[in-house]
Every structure is written in structure tokens, then in C-alpha cells.
Amino acid sequence: FPVTIAGWLVDDPVIHQAYLETEIGKYWILTAGKKVEYRGSGFLVNPSDLLNEQKDLFDPLYQQEGIFFSRLSWRYRDSKIGLGFIPLRGQPSKEGKAWLTGETELAETDLLFQFTMQESDKLTSGLSAQRFFGDHLEFHFDGRYQVRQRSISEFEWLKYSQAIGQTRMTRAMTNIQFMPF
């Protein structure tokens, strides 16, 4: 919908951030809405950043537009653990991802970890570690592990076969087991 801002006509306005973040008691933090939040040690590529994994590096809004999520975090001293939900744009809420985050310091090393779980994507985990050695040397590790072994149900196979122009399927096709690669 077009909007006029300061005399300029804007066809597709974008709200970069709109979120609520509040402390609940001494140790709890609730965050919900559309927020810019990056994880990991790299500027261009952060394999451990599971919140922003759909971002396009060549999109001019990459560093500005937030992601919708909700999270309840528990903070104690220098550590924090959070449990949240990331809805997927244009999908029913059941297609969203459960999200577990954590950060702490261990042996002078900053550790950040994330796990997401979604029915079709299965488990994805990310780990970022960084440590300074003296004043001029810094070590970074940023990695990801994915378990994406999707099984194709009869309904998904039917949708796929219709999309490529096949109009008939025999009943025997329902007994075929699709093995993940």
C-alpha cells in the first residue's frame, strides 16, 4: 500500500524493527516482535546464525531489516539461555522453528550456541567461539551442523507429480520408501 512520508510517495514501506523487550523479574527477559539481532563472529558469513539464515547478502536491507521471533531468556551472571519460536514468512505457525540459544564464557573463550528444530528441516545447530590471545591475536570459530533428512509423504509426492504434469499415479507408488541422501 502506498504511503506518503514527508511529501514523498513510498510504494512499499518496510518496518525494519518493531519489538518488545522487557525484563521479568531479576533473571528473565522476554523479547517478541521484529528485531535485528545477529550472532556469530563473521561480518559477511555467520554459519552459526540460525535466526538470519534466510538472509540474502546482496540485499541492500541485509543489515537493516529484522526477523520476527519470540524468546524467553534466563540470564545469570555472564551466561544466558533462551527458548524461542521463529515463524516462517508466509507459512502456517506449525511450520515455524523452535529455537534454543545460549551464551557463556568458558576458559576465557566466548561461546555462543543455537539450535533450531522444525518438522521438515529437522535439527540445525550452530556454534561460535572467540578468544583473544594477548593484545593482537584473536581466534574465531563459526560453524553449523544440519540434519535435514526430509521424507516425502504420499501427499507431497502427489503435489510434486501434479506440478510436473503427471496426472495419474498407481496405488503401488504409495508403498515406495524414499531414502534421504
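What counts and what doesn't
Residues numbered from 1 in each chain as written. Predicted model: local features only at pLDDT ≥ 70, side-chain atom pairs only at ≥ 80, totals over all residues. Heavy atoms only, no water. Helix = DSSP H or I, 4+ residues; strand = E, 2+ residues; numbered from the N terminus. Buried < 20%, exposed > 50% of the residue type's maximum accessible area, 1.4 Å probe, protein only. Contact = heavy atoms within 4.5 Å. Areas by Shrake-Rupley, 256 points an atom, 1.4 Å probe, with all protein chains shown as cover. Pairing = 2+ DSSP bridges. Salt bridge = Lys/Arg side-chain N within 4 Å of Asp/Glu carboxyl O. Patch = residues over 30% accessible without salt bridge, like charges linked within 9 Å, V, L, I, M, F, W, Y side chains within 5 Å.

Next up on the list: the overall build of the chain. The helix and strand tally for the chain stands at 1 helix and 10 strands. Its helices and strands taken in sequence order, the chain reads β-β-β-β-β-β-β-β-β-β-α from the N to the C terminus. Scored against the burial criterion, the 181 residues of the chain give a buried share of 24%. When contacts within the chain are restricted to residue pairs at least 6 apart in sequence, those whose partners lie at least 24 apart make up 39%. Looking at the chain as shown, the accessible area adds up to about 13200 Å², and 59% of this sits on carbon and sulfur atoms.

Among all residues save glycine, negative phi is the norm, and among peptide bonds the norm is trans. In the Ramachandran plot, A107 falls in the positive-phi region, its phi being about 50 degrees despite a non-glycine side chain. Taking relative accessible area as the criterion, A107 reaches 59% and is therefore assigned exposed.

Across 7 bridges, strand β5 (residues 67-76) lies against strand β6 (residues 79-86) in antiparallel orientation. Bridge assignment links W74 to a residue of β6, and that residue is I81. The loop that links β5 with its antiparallel partner β6 comprises 2 residues; one of these, R77, has a positive phi angle of about 55 degrees. Strand direction decides the pairing type here: β6 and strand β7 (residues 97-106), joined by 7 bridges, are antiparallel. Pairing of I86 across the sheet is with K97, part of β7.

Further remarks concern the pattern of salt bridges. Across all of its chains, the model carries 5 salt bridges by this definition. Ionic pairing is found between R75 and E23, a salt bridge with its closest N-O pair at 3.4 Å. Of this pair, R75 sits in strand β5 while E23 is found in strand β3 (residues 18-24), placing the two residues 52 residues apart along the sequence. Residue class for R75 comes out partly exposed when judged on its relative accessible area of 29%. Linking E37 and R71 is a salt bridge whose minimum nitrogen-to-oxygen distance equals 2.6 Å. Of the two residues, E37 is situated in the loop between β4 (28-35) and β5 and R71 in strand β5; the sequence distance between them amounts to 34 residues. Accessibility classification places E37 together with R71 in one group, the buried group. Taken together, the shared-partner salt bridges connect E21, K35, E37 and R71 into one network.

What follows is about a nonpolar patch on the surface. A cluster of nonpolar residues, I24, Y27, W28, L72, W74, Y76 and I81, forms a patch on the protein surface that exposes about 610 Å² of accessible area. Per element, the largest residue contribution to the nonpolar patch is 3 residues, and it comes from β5. Among the secondary structure elements, I24 is positioned in strand β3.

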